[in-house]
Amino acid sequence: MRHIRRMRGLYEERRDCLLMHAKHYLDGVLNFDKTPSGLHLVGWLPDGADEPTLVQHANQHDLTVYPLSALRRGAPGRAGLLLGFAAFTETEIKAGVQQLAQVVRQG
């Protein structure tokens, strides 16, 4: 139980770090819903965003993001990216968000 409590706290800190830096560097590009638990967050893209191209550019810059379109069956839905945070330090999270912001701005 101690381990689970410790890991929950650690993942909460990392989630909050991702949300803080995303708000600063990606505001208006990706909007996040704060979830009470988990190891990933969904960043919602604005209407008309080119999700596949954005993912391709991120991958070319050694960033791994997952398009929501690849994770759903049936009718297309809102565009977005799935971002993991559990395996990264707060320093790595900040650097990744900054790099993703650069990728997004370059188009």
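Definitions and limits used
- Residues numbered from 1 in each chain as written.
- Predicted model: local features only at pLDDT ≥ 70, side-chain atom pairs only at ≥ 80, totals over all residues.
- Heavy atoms only, no water.
- Core = buried A, V, L, I, M, F, W, Y, C linked by side-chain atoms within 4.5 Å.
- Buried < 20%, exposed > 50% of the residue type's maximum accessible area, 1.4 Å probe, protein only.
- Helix = DSSP H or I, 4+ residues; strand = E, 2+ residues; numbered from the N terminus.
- Contact = heavy atoms within 4.5 Å.
- Pairing = 2+ DSSP bridges.
- Axes fitted to C-alpha atoms, helices over the stretch in contact; angles between N-to-C directions.
- Arc of directions from axis to C-beta.

1. Some details on the nonpolar core
- Core analysis: the biggest nonpolar cluster contains 24 residues, and Leu18, Leu26, Leu30, Phe32, Leu81, Leu83 and Leu100 have the highest contact counts within it.
- Of all elements in the fold, only helix 1 (2-25), helix 2 (51-60), strand 4 (80-84) and helix 3 (90-106) reach the threshold of two or more residues within this core.
- When residues of this core are assigned to their parent elements, the largest contribution, six residues, is made by helix 3.
- What Leu18 contacts, discounting residues up to four positions off in sequence, is Leu41, Leu83, Phe85, Ile93 and Val97.

2. What about the sheet that holds strand 3 (residues 66-67)?
- Strand order in the open sheet formed by four strands is 1-2-4-3, and the pairing between neighbours is antiparallel. The two strands at the open ends of the sheet, each matched to only one other strand, are strand 1 (31-32) and strand 3.
- By the bridge criterion, five bridges tie strand 2 (residues 40-44) to strand 4 in an arrangement that is antiparallel. Of the residues in strand 4, the one forming a bridge with Gly43 is Leu81.
- Against the sheet, helix 2 contacts strand 3 and strand 4, and its axis sits at roughly 30° relative to strand 4.

3. Describing the pairing of strand 4
- With four of five residues buried, strand 4 is to be regarded as a mostly interior element.
- Judged from the two bridges that link them, strand 3 and strand 4 form a sheet pairing that is antiparallel. By the bridge assignment, Tyr66 is partnered in strand 4 with Leu82.

4. Focus: helix 2
- Every buried residue of helix 2 is listed here: Glu51, Leu54, Val55 and Ala58. One face of helix 2 carries all of its buried residues, which in axial projection span an arc of 100°. Of the exposed residues in helix 2, the ones pointing more than 90 degrees away from its buried face are Pro52 and Gln60.

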